[in-house]
Amino acid sequence: MLRMKYISAPAVFFILAAATLTLFFELWRILFLVFLGDLAAGAPLSTLLKTLVVGLRFDFSITSYVILPLYLFSAVLFLFPRYYRTTGITVFYLLVILSAMLFFAHLADIEFTRHFHTRLNDFLLQKYKITANGFSPIWFPAKTAALTVIYLLILYLYIRLVRYLVKKILIDRPRSPWWINLIYLPILIAAFGVGARGRLAEEPMRWGMAYYSEYDFANLAALNPVYTFILDAVYDHREKKATKDLMSEIKSDHAENELRQLLGMTTVEEGTRLIRPVRFEQPNENPPSVILIIMESFGSTKIDVLDNRFPYSLTPCFDSLAAEGFLFTDFYSCGKHTFASLVAVLYGYPPQYGKLVMRQLPGENYLWGLPSILKTYDYKTSCFVTTDPHFDNMQGFLMANGIMKAYSKYDIGEDRSLSWMGVPDHVMFDFACDKLRENKNRRFFATLLTASNHGPWLLPDVPFGRLPDTVEDAHKLNAFKYSDWALGQFVNKIKSDPFFDNTLIIITADNGSPYKQKSDLEITHFQIPLLIIGNKSSFNLKGTSGRPGSQLDILPTLMGILKLDYDNYSFGKDLLDTSYRGTDFVHFVEKDLLGHIENGYYLINRLHGKETLYKLPDVTIDLADSLKETVDEYRMKSEAIFQTAYYNMKRPLSPMKF
């Protein structure tokens, strides 16, 4: 056993101080659950208890941000034993001041969450401005005397414990030699550094890691309000301001009306988001389950039946499937990245400038899309990915917006991963098939996101028919061909399994495959397929359609096939609806570049530059100078969509109740 002289008293103190502060955060979480228990919405006790465990990571992250600077501040002074007492007293008062502020945030958060159904965030500062008259309504707990008393009692108890630790460890105990304190310094820096970051993986901890269950309240309770407030009000402040400034530059009072005309809307409901109630004369009494497959970078330029620009057959499986289903041949993604496409495909919402929608805190970005709608019809909603589910905060975002369960490489078997992109596509497909069968008699909506057709393009040893290494870009073309093979294996397996008799399969991509880029908003980067296949009687339509569409249209098109009443908050149209009274348009975004396609023309709207206009399919001759009225019209429409998507998210969401 190590002798006490080899133990650093400052190290012991800060370890115990960190443990104490973390446990007090847990105490506040218990109070949160007690005072807001009416919001638990039937969450079982076991789930609520697990909240305490999941929340420890967020609590310790905030604790580490508090303790690490104090430790570094005092580390130099603790090298000199004569300064122990002074340093200890200073640290004590600093901890008292900081804890009073942190506990106040937890106190205010309880009533804040009750009012706004989200944890403390920048909305507090936006809605309740600090004025010359003081804090005004920011002081929620003034209405709740019991909470105020509890706050004072908890703060008093914390002060007594910290005072005891300072006295027993830093003042009364014999001083540690300076060299012992120095040895412990890098160890504690590393420990608190990892604690602040929240994980050892490439990406730091995201708020989505609190989303572990299908109960929103339990997930929210796992968050720490100090974490959410600092993340939103401080860390994201500059990015949010840049977005606000850009929107102010292009702001038009007629933008929303312009968008309503584009969508063929005749009614206006003030104070809410854009909404179109969709009701069917004969709702479907036996709607099918749905498998939505989003293929990584599965662009039209490499698909034989669409626009293959290579002298190789890369998609024999997709081509075969296309002959059995309904294929849209003029279809586009809404962005160049998966994070934009997921929001567009599942919720019919366009990409926005600035911070990713998927990383915005829950409560700010609540969306009503396919997962949420079908969940109200008792579908079991799930998502399958090959990689880290927390990349771009994917799991948290999806589970905050209707997905009940997210499966990833950690569920499938991390030992089968080939790269940081996770397990191969066919491994994920096989796992998903087995999991979906567990639904037994319950309908399901499953989103499957592939990744093998992405760098570093490492592939498993399976018989998909590799191109020889002598072919230019063979590794990329082989990845595309493998993903097609994996898709074919999965869909054919589903079609031959009686369990999936009443199942609809939708195949699309997150983005396209750019080919010989000709502009800063290369159109081939957005050209993708949309294929709908019905198993047995779930969907009988076969053929093709050249009607232009985008990922925004998947939601209303699918709901039109299912024939289930719903409230349409999307920016899309039903591609199979011949009575649609709006305009057929395509909208995609990359930062401050807006793409708009209408009537065979393609406009690139550079918000900080000159527009260009092409007559498709030719994208080499700029017609902007000769067709100025068309440019002005399409620029106004593209900015109307872009602007309305930003302001629309700030309005309340009131989805249909059943």
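How each quantity is defined
- Residues numbered from 1 in each chain as written.
- Predicted model: local features only at pLDDT ≥ 70, side-chain atom pairs only at ≥ 80, totals over all residues.
- Heavy atoms only, no water.
- Salt bridge = Lys/Arg side-chain N within 4 Å of Asp/Glu carboxyl O.
- Helix = DSSP H or I, 4+ residues; strand = E, 2+ residues; numbered from the N terminus.
- Buried < 20%, exposed > 50% of the residue type's maximum accessible area, 1.4 Å probe, protein only.
- Pairing = 2+ DSSP bridges.
- Axes fitted to C-alpha atoms, helices over the stretch in contact; angles between N-to-C directions.
- Contact = heavy atoms within 4.5 Å.
- pLDDT = per-residue confidence, 0-100.
- Polar contact = N/O pair within 3.5 Å; in protein donor to acceptor, adjacent residues only side chain to side chain.

1. Notes on the pattern of salt bridges
Tallied over the entire structure, the rule returns 23 salt bridges. Salt-bridge contacts for Arg260 lead to Glu256; the nearest nitrogen and oxygen are separated by 2.6 Å. Separated by four residues within a single helix, Arg260 and Glu256 lie in helix 10 (residues 255–262), roughly one turn from each other. Arg260 sits in the buried class, given a relative accessible area of 5%. Counted as one network, the salt bridges with shared partners bring together Glu26, Arg29 and Asp59.

2. Some words on the sheet that holds strand 15 (residues 612–615)
In spatial order, the strands read 12-13-14-15; together these four strands make up an open sheet with antiparallel pairing. In this open sheet, the two edge strands, each paired with only one partner strand, are strand 12 (585–590) and strand 15. Geometrically, the sheet is characterised by an average inter-axis angle of 15 degrees between neighbouring strands, direction not taken into account. In terms of strand pairing, strand 13 (residues 593–598) meets strand 14 (residues 601–606) through six bridges, oriented antiparallel. Note that in strand 14 the partner of Leu594 across the bridge is Asn605. Strands strand 12, strand 13, strand 14 and strand 15 of the sheet are contacted by helix 19 (residues 628–648), whose axis makes an angle of about 115 degrees with strand 13.

3. Quick look at the confidence of the model for the chain
Within the chain, residue pLDDT values average 89, and 92% of them lie at 70 or more. Here helix 4 (residues 123–127) stands out as the least confident element of the chain, with mean pLDDT 63; strand 6 (residues 444–449) is the most confident, with 98. Considering only residues more than four positions removed or in separate chains, one finds that residues 129–139, a stretch of pLDDT under 50, has eight contacts.

4. Quick notes on the side chain of Glu611
Following the sequence through the fold, Glu611 ends up in the loop between strand 14 and strand 15. Under the relative-accessibility criterion, Glu611 is labelled buried at 16%. A distance of 3.2 Å separates the side chain of Glu611 from the side chain of Arg635, its partner in a polar contact. If sequence neighbours within four positions are ignored, Glu611 has contacts with Leu603, Ile604, Asn605, Arg606, Asp622, Ala624, Val631 and Arg635.

5. Regarding unusual backbone geometry
At the junction of Gly455 and Pro456, the peptide bond is cis and its omega measures out at 15 degrees in the coordinates. Residue placement: Pro456 occurs in the loop between strand 6 and helix 17 (474–495). Along the chain, Leu616 connects to Pro617 via a cis peptide bond; the corresponding omega equals 10 degrees. Examined against the element boundaries, Pro617 turns out to sit in the loop between strand 15 and helix 19. A positive phi angle, close to 55 degrees, is found at Asp473, a residue other than glycine. Examined against the element boundaries, Asp473 turns out to sit in the loop between strand 6 and helix 17. Accessibility expressed as a relative area gives 39% for Asp473, which makes it partly exposed. Phi at Lys516 takes a positive value of approximately 45 degrees, unusual for a residue other than glycine. The residue Lys516 is located in the loop between strand 7 (503–509) and strand 8 (527–534) in this model. The class of Lys516 is exposed, set by a relative accessible area of 62%.

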